[in-house]
Amino acid sequence: MRAEELSFVAAAPRANHKGAVVILRKDSASRLVPEVTLSGERLASGFGYSLAVADLNNDGWTDLVVGAPYFFELQEELGGAVSDCLSPAPADIAVGAPFDGDGKVFIYHGSSLGLVVTASQVRAVAGPGTGVDTMDNGKQQVKGACEHQGIF
């Protein structure tokens, strides 16, 4: 990928039963051609179910975050789906974990070194469709993250 070219991203969460994300570019005849293919690691993980783009480390490049709502790593309790980017660069992201109890939303901060891998906030969801107030201001900033979407 090059800074002077526009890239397109397409996801196929059921591709080869593991999911895939393809980064495409336009060729000289204005056709979209695959440049990079990212493949899911686990069977039926839903890799590519949700996508988010944001500058996570403030380097001027747009980073791609891929959700896999059915991915779960038992040893590290890792799994979920990208829900939203919450701030300008370096961006913070919200990740919905729909199968963690009644559902939780994890907030991860971006930094000059990239995404901080330890969640800065973990919010339980009261029930389906209730949303989460991530800023403690009485408003729901993240709604539906634990219902429809699922990081890493």
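Up top is the structure these notes are about.
Presented here is a report on the structure given in the accompanying data block. (Residues numbered from 1 in each chain as written. Predicted model: local features only at pLDDT ≥ 70, side-chain atom pairs only at ≥ 80, totals over all residues. Heavy atoms only, no water.)

Description of the overall build of the protein chain
Part 1 of the argument: When its secondary structure is counted, the protein chain shows 1 helix and 11 strands.
Part 2 of the argument: Secondary structure of the protein chain in N-to-C order comes out as β-β-β-β-β-β-β-β-β-β-β-α.
Part 3 of the argument: Just so you have it, the protein chain exposes about 9000 Å², and 53% of that area is on carbon and sulfur atoms. (Helix = DSSP H or I, 4+ residues; strand = E, 2+ residues; numbered from the N terminus. Areas by Shrake-Rupley, 256 points an atom, 1.4 Å probe, with all protein chains shown as cover.)

A word on the side chain of D92
Part 1 of the argument: Among the structural elements, D92 can be located in the loop between β6 (78-85) and β7 (93-97).
Part 2 of the argument: Of the side chains with opposite charge, R123 comes closest to the buried, unpaired D92, at an N-O distance of 12 Å.
Part 3 of the argument: At a separation of 3.0 Å, a polar atom in the side chain of D92 contacts the side chain of H109.
Part 4 of the argument: There is a polar contact of 3.2 Å between the side chain of D92 and the backbone nitrogen of G110. (Buried < 20%, exposed > 50% of the residue type's maximum accessible area, 1.4 Å probe, protein only. Lys, Arg positive; Asp, Glu negative; His and termini not counted. Salt bridge = Lys/Arg side-chain N within 4 Å of Asp/Glu carboxyl O. Polar contact = N/O pair within 3.5 Å; in protein donor to acceptor, adjacent residues only side chain to side chain.)

A short note on the environment of V116
Part 1 of the argument: Turning to its location among the elements, V116 is positioned in the loop between β10 (114-115) and β11 (121-124).
Part 2 of the argument: As a C-alpha pair, V116 and N57 span 59 residues in sequence and 9.7 Å in three-dimensional space.
Part 3 of the argument: Setting aside residues up to four positions removed in sequence, V116 forms contacts with Y108, H109 and S111. (Contact = heavy atoms within 4.5 Å.)

Quick word on the pattern of salt bridges
Part 1 of the argument: Taken as a whole, this structure holds 2 salt bridges when the rule is applied.
Part 2 of the argument: For E35, the salt bridge goes to R25, with nearest N and O atoms at 3.4 Å. Of the two residues, E35 is situated in strand β3 (residues 32-39) and R25 in strand β2 (residues 20-26); the sequence distance between them amounts to 10 residues.
Part 3 of the argument: The partner of R31 in a salt bridge is D27, with the nearest N and O atoms 2.9 Å apart.
Part 4 of the argument: You can call D27 buried: its relative accessible area is 17%.

Overview of unusual backbone geometry
Part 1 of the argument: Phi angles above zero are rare outside glycine, and H17 is one such case at about 65°.
Part 2 of the argument: Mapped onto the secondary structure, H17 falls in the loop between β1 (7-12) and β2.
Part 3 of the argument: The backbone of A44 sits at a positive phi, close to 60°, despite the residue not being glycine.
Part 4 of the argument: On the accessibility criterion, A44 (53% relative accessible area) is exposed.

A short note on the environment of D63
Part 1 of the argument: Tracing the chain through its elements places D63 in strand β5 (residues 63-73).
Part 2 of the argument: With 11 residues separating them in the primary sequence, D63 and A52 have C-alpha atoms 8.3 Å apart.
Part 3 of the argument: Sequence-distant contacts of D63, that is, excluding residues within four places in its chain, are made with A52, V53, A54, D55, L56 and N57.
Part 4 of the argument: There is a polar contact of 2.7 Å between the side chain of D63 and the backbone nitrogen of L56.

Description of the pairing of strand β8 (residues 104-108)
Part 1 of the argument: Extensive coverage of β8 is indicated by the burial of 4 of its 5 residues.
Part 2 of the argument: Of the strand pairs in this sheet, β7 and β8 are connected by 5 bridges, and their pairing is antiparallel. When the bridges of β8 are listed, A97 appears paired with K104.
Part 3 of the argument: Taking the residues between adjacent antiparallel strands as the criterion, β7 and β8 are bridged by 6 residues, where G101 takes a positive phi near 65°.
Part 4 of the argument: Inspection of the sheet shows β8 paired to β11 by 4 bridges, in the antiparallel sense. From the neighbouring strand, V105 faces β11, where its bridge partner is R123. (Pairing = 2+ DSSP bridges.)

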